[in-house]
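# Secondary and tertiary structure notes
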Amino acid sequence: MKYVPPGQSGSIVSVEPRYENFIGGKWLAPTHGKYRADLAPATAGPITEVAHSTPEDVELALDAAHAAKDAWGEASATDRAKVLNAIADAIEKNQEMLAVAESWENGKPVRETLAADIPLMVDHFRYFAAAARAEEGRSTEIEKDLIAYHFKEPLGVVGQIIPFNFPLLMAAWKLAPALAAGNCSVIKPASPTPWSILKLMETIEDVLPPGVINVVTGPGAEIGKALAANPRIAKVSFTGETVTGRLIMQYAAQNLIPSTVELGGKSPNIFFNDVMAHDDDFLDKAVEGLVLYAFNKGEVCTCPSRALIQADIYDEFMARCLARIASIRQGNPLDTDTQLGPQVSAQQIEKISSYVDIGRNEGAEVLIGGQRASVDGAEFADGYYYQPTVLKGDNKMRVFQEEIFGPVLAVTTFTDDADALAIANDTLYGLGAGVWTRDGTRAYKMGRGIKAGRVWTNCYHQYPAGAAFGGYKISGVGRENHRMMLDHYSQTKNLLVSYSTKPLGLF
Amino acid sequence: MPEPIMLARIIATPAAREAIRLLRAAGGGPVMFIQSGGCCAGSTPMCFPVGEFLIGDIDILLGEIDGCPFYIDKRLDEAWHQEQFLLDVATGEPEDFSLPAGDNLHFVTVSPACILPGAAN
């Protein structure tokens, strides 16, 4: 089925001509009254206008968050969990609407937002509602009459900066643990995707205490530092590229606050020859596992963008994969049959094109794709579509080392387990990896040997709440998506209590 | 083809130099560039007011463009084969915290594969 684009007659998504910041439970116009157009990548046409905020607006959001933080921080875990569950219920009730909004603004196919992004958000809020309820302090009897009590206390107000590739899901990943731990948030969406989170706020504003979540939209150069370097935040969390990641950590160091940064990857996806031992469902799953590089148009920090295939199955396995890639349906992201939508912006598609040129120049062989795509429908003539592409080469090539952030796979072969591991780890990054084999011992050893925070084993691109996610090496510092995040968003208060009546005897 | 001897590691197009001139005029001082890698806005140069980004021992100064330094993380430089970079501008807002290269423009680095003769100066 095809959904009607947001704002058009008959669409399930209503669109206002312009959107303000969401601050203190209200919609506040930006201080300087400036707005900017928000574009749909499928057509390059405008969806709406959003606030072009300035540092004054960040301060207003921080005022609202600070006004809310004591009551929210002191609310019982039971009450906070109720709010998180109410957020989850509201999202679930509006799942289809949010899925269409997210698809149209980002370009990702609606089949993905319906099946993954939005249901995962719902589950994420429920997971952290449960985790908050199950959280316990610890006490230790250090000596018979000396007891250490440990309590978790909220940090206060946190600053959160999210990327364009999963605008709603990454917001949920950051907001749910922060709120569950009793913090209030000021959150800045990415410049290309500021609108879907505002639709989310419309959806949940009735169940959310004012000031607990505050959304400020605008360019990072103008408001990013105003938030990340602000002495009024107690933690900063960021997903994006390495240089801004370092800048975030630098600001955090200057304010002596903690930070979480998630900074990309160049994830290997390793296929051992035993995947071809039988022509069965598992082989079919492995073929799909390789083609998952095109999931979300390749705009995923964990995109399995390096396929390592054991040499003796390369020809036959790759032939099956290329056939699957050739059948990918590209087009209107709001068509539930579409598997590959447009890239998020003109910038991204330019970058992808130049990387494929770099690959060709270095001698990589283009096995499929390799240029911009044209899709059916005159309205999509200016959309940012790129063909699903496979480049064959070797791991020293730049297209194997740099994150392209598009539907471009670099494929090479390996001889044995040691060779596979060496190639897998020959990268600056360490966010994700995939291992495909019917041999459990081999899977375990490879999984432990790969220097990456997440090793999908006989699966890929699954993001259930409860599975910790984060990077080794230059892919970042910190974890998300697990109850351990409650620790990352909490202070530890220790009460060291003496029940002895005797003096120490020192003075 | 004659062998290149000492290639400048970073060069800039007239459009990039003009963008730098305007940024200097608007900000009252030079800017700095740091080549980025990874994730959404990766592989583009980030531009900040000079001194904003703390340079570490891991960073290499590739050169200066009109008094504005251009750095890259040594590890990225090695992985990217220590190539020459051409600083240019392209349509669209910058991402993350980078300064724009003008209205609806951002800085990009172009690799030799894509450099046309005569494009740089």
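Within any chain, residue numbers begin from 1 and follow the written order of that chain's sequence. Numbering of ligands from 1 and lettering of chains from A proceed in the order in which they are written. Side-chain atom pairs in this predicted model are given and counted only at pLDDT of 80 or more, local residue features only at pLDDT of at least 70, and totals for whole chains, interfaces and linings cover all residues.

### Description of the overall build of chain A
Check the secondary structure of chain A and you find 15 helices and 23 strands. Put simply, the radius of gyration uses C-alpha atoms, and a globule should come to 2.2 Å times the residue count raised to 0.38. Its C-alpha atoms give chain A a radius of gyration of 24 Å, within 12% of the compact-globule value 23 Å for 507 residues. For chain A, the spread of C-alpha atoms along the principal axes amounts to about 80 × 60 × 40 Å. For chain A, the residues scored as buried account for 55% of the 507 residues in total. Placing C-beta atoms from the backbone, we regard two residues as in contact once those atoms come within 7 Å. Sequence-distant contacts in chain A: of pairs separated by 6 or more residues, those separated by 24 or more amount to 71%. For helices the rule is a DSSP run of H or I covering at least 4 residues; for strands it is a run of E covering at least 2, with both sets numbered from the N terminus onward. In this scheme every C-beta is placed from the backbone, and a residue whose C-beta has 20 or more other C-beta atoms within 10 Å is buried, one with 12 or fewer is exposed, and one in between is partly exposed.

### Observations concerning the overall build of chain B
Check the secondary structure of chain B and you find two helices and seven strands. Starting at the N terminus and walking to the C terminus, you meet the elements of chain B as β-α-β-β-β-β-α-β-β. Taking the intrachain contacts of chain B between residues at least 6 apart in sequence as the baseline, contacts between residues at least 24 apart amount to 52%.

### Some details on the sheet that holds strand 3 (residues 45-49) of chain B
All names here are of chain B. Two strands pair under a simple rule: DSSP has to find at least two bridges between them. The strand order across the open sheet built from four strands is 3-2-5-4, with neighbouring strands paired in mixed fashion. The outermost strands of the open sheet, each flanked by one partner alone, are strand 3 and strand 4 (59-65). Ignoring which end each strand starts from, the neighbouring axes of this sheet average 25° apart. One ladder, built from five bridges, connects strand 2 (residues 31-35) with strand 3; its direction is antiparallel. Looking across to strand 3, one finds that phenylalanine 33 is bridged to cysteine 47. To get an axis, a line is fitted to the C-alpha atoms, and for a helix only the part in contact is used. The angle between two axes follows their N-to-C directions and goes from 0 to 180 degrees.

### A few points about the packing of helix 13 (residues 417-425) of chain A against helix 14 (residues 440-449) of chain A
Residues and elements named next belong to chain A. Running from amino to carboxyl end, helix 13 crosses helix 14 at an angle of 30°, the nearest separation of the two axes being 10 Å. When the interaxial angle is binned, helix 13 and helix 14 end up roughly parallel. Between helix 13 and helix 14 lies a crossing whose hand is right-handed. Of the residues in helix 14, those in contact with Asp417, Ala420 and Leu421 of helix 13 are Arg442, Met446 and Gly449. Think of it as three bins: nonpolar holds Ala, Val, Leu, Ile, Met, Phe, Trp, Tyr, Cys and Pro, charged holds Asp, Glu, Lys and Arg, and polar takes everything else, Gly as well. Looking at the contact of helix 13 with helix 14 residue by residue, the class counts come to three nonpolar, one polar and two charged. Just so you know how the angles are binned, under 35 degrees is roughly parallel, over 145 roughly antiparallel, 65 to 115 roughly perpendicular, and the rest oblique. Should the near helix be turned anticlockwise from the far one by less than a right angle, the crossing is termed left-handed; should it be turned clockwise, right-handed.

### Things to note about the interface of chain B and chain A
Between chain B and chain A, the residue contacts involve 33 residues of the former and 39 residues of the latter. Among the secondary structure elements, those contributing two or more residues to the side of chain B that touches chain A are helix 2 (74-79), strand 6 (85-91) and strand 7 (105-110) of chain B. The biggest single contributor to the side of chain B that touches chain A is helix 2 of chain B, with three residues.

### So, the sheet that holds strand 6 of chain B
Residues and elements named next belong to chain B. Spatially, the three strands line up as an open sheet ordered 1-6-7, and their pairing is mixed. Of all the strands in the sheet, just strand 1 (10-12) and strand 7 have a single pairing partner and so form its edges. Averaged over neighbouring strand pairs, the angle between their axes works out to 35° when direction is ignored.

### Quick notes on the nonpolar core
By definition, a nonpolar core groups buried Ala, Val, Leu, Ile, Met, Phe, Trp, Tyr and Cys residues that connect through C-beta atoms lying within 7 Å of each other. Of all hydrophobic cores here, the largest spans 192 residues; its most connected members are A:Leu84, A:Phe125, A:Leu168, A:Phe271 and B:Phe33. Leaving out residues up to four positions away in the same chain, A:Leu84 has contacts with A:Phe125, A:Phe128, A:Ala129, A:Ala176, A:Leu179 and A:Ala180.

### A closer look at the environment of A:Val216
As for its placement among the helices and strands, A:Val216 is situated in the loop between strand 10 (213-215) and helix 7 (220-228). Counting along the chain gives 109 residues from A:Val216 to A:Ile325, while the straight-line C-alpha distance between them is 39 Å.

### Focus: the pairing of strand 6 (residues 138-143) of chain A
All names here are of chain A. Taken across its six residues, strand 6 has zero buried, putting it largely on the surface. Sheet topology places strand 6 next to strand 7 (residues 146-154); five bridges connect them, and they run antiparallel. For glutamate 143, the partnering residue across the bridge sits in strand 7 and is leucine 146.

### Observations concerning the packing of helix 5 (residues 167-180) of chain A against helix 6 (residues 196-204) of chain A
Residues and elements named next belong to chain A. It is the contact of helix 5 with helix 6, at a shortest axis distance of 9 Å, that shows an interaxial angle of 60°. Here helix 5 is positioned oblique relative to helix 6, judged by the angle of their axes. Note on packing geometry: the crossing formed by helix 5 with helix 6 is right-handed. Residues Pro167, Leu168 and Ala171 of helix 5 lie in contact with helix 6, whose contacting residues are Ser196, Ile197 and Leu200. Tallied by class, residues from the contact of helix 5 with helix 6 come to five nonpolar, one polar and no charged.

### Some details on unusual backbone geometry
Residue and element names in this part refer to chain A. The phi angle at asparagine 458 is positive, at roughly 55°, despite the residue not being glycine. By the element assignment, asparagine 458 lies in the loop between strand 20 (454-457) and strand 21 (472-473). Residue classification places asparagine 458 among the partly exposed residues on the basis of 16 C-beta atoms within 10 Å.

### Quick word on the environment of A:Ile450
Residue and element names in this part refer to chain A. Note on placement: isoleucine 450 falls in the loop between helix 14 and strand 20. The class for isoleucine 450 is buried, based on 23 C-beta atoms found within 10 Å. Separated by 182 residues in the primary sequence, isoleucine 450 and proline 268 place their C-alpha atoms 9.3 Å from one another. If near-sequence neighbours (up to four positions away) are discounted, isoleucine 450 is found in contact with Leu421, Ala424, Asn425, Ala433 and Val455.

### Structural notes on the confidence of the model for chain B
Scored from 0 to 100, pLDDT records how confident the predictor is in each individual residue. With 82% of its residues at a pLDDT of 70 or more, chain B has an overall mean of 84. Interface confidence in the predicted complex, given as ipTM, is 0.89; pTM for the same model is 0.95.

### A short note on helix 2 (residues 77-93) of chain A
Side chains three or four residues apart in an α-helix point the same way, a direct result of the helix having 3.6 residues per turn. Residue and element names in this part refer to chain A. One less than the residue count of a helix, multiplied by 1.5 Å, gives the span that helix is expected to have. The end-to-end C-alpha separation of helix 2 is 24 Å, in line with the 24 Å expected for 17 residues at 1.5 Å each. Every buried residue of helix 2 is accounted for by Arg80, Ala81, Val83, Leu84, Ile87, Ala88, Ala90 and Ile91. Structurally, helix 2 contributes buried residues whose contacts are with helix 3 (95-106), helix 4 (110-134), helix 5 and helix 6.

### Examining the environment of A:Ser259
All names here are of chain A. The topology assignment puts serine 259 in strand 12 (residues 259-262). Spatially, the C-alpha atom of serine 259 lies 29 Å from that of aspartate 38, the residues being 221 residues apart in sequence. When sequence neighbours within four positions are dropped, the list of residues in contact with serine 259 reads Lys235, Val236, Ser237, Ile248, Met249 and Ala252.

### So, helix 1 (residues 55-74) of chain A
All names here are of chain A. With 20 residues, helix 1 extends 29 Å from end C-alpha to end C-alpha; this agrees with the ideal 28 Å at 1.5 Å per step. At alanine 68, helix 1 shows its maximal bend, which comes to roughly 40°. Structurally, helix 1 contributes buried residues whose contacts are with strand 2 (21-23), strand 3 (26-28), strand 8 (157-161), strand 9 (184-188), strand 10 and helix 7. Axes are fitted to the seven residues ending at a residue and to the seven starting at it; the angle between these axes is taken as the bend at that residue.

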